[in-house]
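Given next are the chains, with one letter for each unit.
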Amino acid sequence: MDWWTWARKLCAKHDRKCFDTVVLVAWLLWKECNRRIFYRCASLQELISLVEDETVAWLRAGFKQL
């Protein structure tokens, strides 16, 4: 969280939403990679569901848009 907050402040205000989206996508890809390696799971429908769940969590955390 500290890194993200620090890095976000380095972006111009109008670029921060884009930065947040890039961080979210990178985080989801990292988690999916770990799921596939450690749990040997590979379901497109489940990945889509995880993306939707994570997006809702970010919006509930106070983000107005992603």
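First, a word on scope: everything that follows refers to the structure included in this document.

The rules behind these values
Residues numbered from 1 in each chain as written. Predicted model: local features only at pLDDT ≥ 70, side-chain atom pairs only at ≥ 80, totals over all residues. Heavy atoms only, no water. Helix = DSSP H or I, 4+ residues; strand = E, 2+ residues; numbered from the N terminus. Rg over C-alpha atoms; globule rule 2.2 N^0.38 Å. Expected span 1.5 Å × (residues − 1). Phe/Tyr/Trp six-rings, centres within 6.5 Å; stacked < 30°, edge-to-face > 60°.

**Concerning the overall build of the chain**
The helix and strand tally for the chain stands at 3 helices and 0 strands. Going from the N terminus to the C terminus, the chain shows its helices and strands as α-α-α. Taken over the C-alpha trace, the chain has a radius of gyration of 14 Å; the compact-globule value for 66 residues is 11 Å, which it surpasses by more than 25%. Projected onto the principal axes, the alpha-carbon positions of the chain cover approximately 40 × 20 × 15 Å.

**Quick look at helix α3 (residues 44–60)**
For α3, built from 17 residues, the straight-helix expectation of 24 Å at 1.5 Å per residue is met to within 8% by its first-to-last C-alpha distance of 24 Å. Where α3 terminates, the next one or two residues include glycine 62, which has phi positive at roughly 120°.

**Details of the packing of aromatic side chains**
For the structure shown, the criterion picks out 1 aromatic pair. Both rings, one in tryptophan 3 and one in phenylalanine 19, keep their centres 6.1 Å apart while their planes meet at 40°; by these two values the pair is tilted. With tryptophan 3 in helix α1 (residues 2–10) and phenylalanine 19 in helix α2 (residues 16–38), this residue pair connects regions lying 16 residues apart in the sequence.

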